[in-house]
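These are the residues of each chain, in order.
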Amino acid sequence: MMVIAMACMMMTACSLDSYEPEEPVLIIEPVEEGMLAACGISESGTRSVSDEQLLFTEKDIEWFNATTREIKFRDMDKPPYEMLEPFHEIKFYLGDNVLFTVSSFVGDWDSRTYTNLILHYDVITDPDQGHYYLHDCYPLYLIDTDEVKANIKKNEGQWELFIYYLESKGKLR
């Protein structure tokens, strides 16, 4: 995690030369070594540079349902959908290692299709309280396509590690 923090500081330092006003980096809590964390990735002005911003850590996850893949977040200063919406991708880290990258943050209103892992914000099922899910694709009817099946197989080991880790922390439902 120290590498992530240093990389974020370096990216910020490198971008100080630009004339664009900088948005403050939001850090929810300090990240401890070996902790599960998620960083939003936004593309900067150049093709090869992207900026990462810490979005949440395992401390912000109340529980995870391994069957439905729902993530229940604790109460935070900002609703998760507000923090997640501006990011192109979301990387899940376990310590310094990338577990998996989520293609996009997707809401029920999104009409695009994704054949990779996504973080889905469902407000249709329960309008009074939105729910967050890690799905293998969006919309879910794409689950039986060859491309999605190949991605599921590719991410299998990372999913097992993710679930095992959350179980060891008492966050699995």
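None of these values were measured; they are calculated from a predicted model. (Residues numbered from 1 in each chain as written. Predicted model: local features only at pLDDT ≥ 70, side-chain atom pairs only at ≥ 80, totals over all residues. Heavy atoms only, no water.)

Brief notes about the side chain of Arg69
Going by this rule: Runs of E in the DSSP output that reach at least two residues are strands. Runs of H or I that reach at least four are helices, and both are numbered from the N terminus. We call a residue buried when its accessible area falls under 20% of the maximum for its residue type, exposed when it is over 50%, and partly exposed in between, using a 1.4 Å probe and counting protein chains only. Polar contact criterion, stated in full: a pair of N or O atoms within 3.5 Å, where within protein one must be able to donate a hydrogen and the other to accept it, and residues adjacent in sequence count only if both atoms are side-chain atoms. Working rule for contacts: check all heavy atoms of both residues, and any pair within 4.5 Å makes them a contact.
Here Arg69 is to be found in the loop between strand E3 (61-64) and strand E4 (70-73). Residue class for Arg69 comes out buried when judged on its relative accessible area of 17%. For Arg69, the side chain forms a polar contact with the side chain of Asp136, separated by 2.9 Å. If we ignore the near neighbours within four places in the chain, the residues touching Arg69 are Phe64, Leu117, Tyr132, Tyr133, Leu134, His135, Asp136 and Trp159.

So, the packing of aromatic side chains
Selection criterion: A pair of Phe, Tyr and Trp rings is counted when the ring centres sit within 6.5 Å of each other, with Trp represented by its six-membered ring. The angle between the planes then sorts it: under 30 degrees is stacked, over 60 is edge-to-face, the rest tilted. Here, a charge over a ring is recorded when the distance from Lys NZ or Arg CZ to the ring centre is within 6 Å and its angle to the ring normal is within 35 degrees.
All chains considered together, the criterion is met by 14 aromatic pairs. Aromatic pair Phe64 and Trp159: ring centres 6.1 Å apart, planes at 25°, arrangement stacked. You can see Phe64 sitting in strand E3 and its partner Trp159 sitting in helix H3 (residues 146-168), a full 95 residues away along the chain. For the residue pair Phe64 and Trp159, the accessibility class agrees, reading buried in each case. Here the aromatic rings of Trp109 and Tyr121 are separated by 6.2 Å at their centres, their planes lie at 75°, and the arrangement is edge-to-face. Note that Trp109 is positioned in the loop between strand E7 (105-107) and strand E8 (118-122) and Tyr121 in strand E8, a separation of 12 residues in sequence. Trp109 sits in the exposed class, given a relative accessible area of 53%. Relative accessible area serves as the criterion here: at 10%, Tyr121 is assigned to the buried category. The structure contains a cluster of three or more aromatic residues connected by ring pairs, namely Phe56, Phe64, Phe73, Tyr81, Phe92, Phe100, Phe105, Trp109, Tyr121, Tyr132, Trp159 and Phe162. Cation over ring: Arg69 sits above Trp159, and NZ or CZ is 3.8 Å from the ring centre.

Some words on the environment of Asp96
Relative to the elements of secondary structure, Asp96 occurs in the loop between strand E5 (89-94) and strand E6 (97-102). Separated by 61 residues in the primary sequence, Asp96 and Met35 place their C-alpha atoms 8.7 Å from one another.

Here's the deal with the pattern of salt bridges
Threshold: Any Lys or Arg side-chain nitrogen located within 4 Å of an Asp or Glu carboxyl oxygen qualifies as a salt bridge.
Using the criterion set out here, one finds 4 salt bridges in the structure. Of the charged contacts in the structure, one is a salt bridge between Glu58 and Lys169, with a shortest N-O distance of 3.9 Å. Of the two residues, Glu58 sits in the loop between strand E2 (50-57) and E3 while Lys169 sits in the segment after H3, which places them 111 residues apart along the sequence. Judged by relative accessible area, which is 8%, Glu58 ranks as buried. The exposure class of Lys169 is partly exposed, given its relative accessible area of 43%. With a shortest N-O distance of 2.9 Å, Asp136 and Arg69 are connected by a salt bridge. In this pair, Asp136 is assigned in the loop between strand E9 (131-135) and H3 and Arg69 in the loop between E3 and E4, connecting sequence segments 67 residues apart. Each member of the pair Asp136 and Arg69 is classed as buried.

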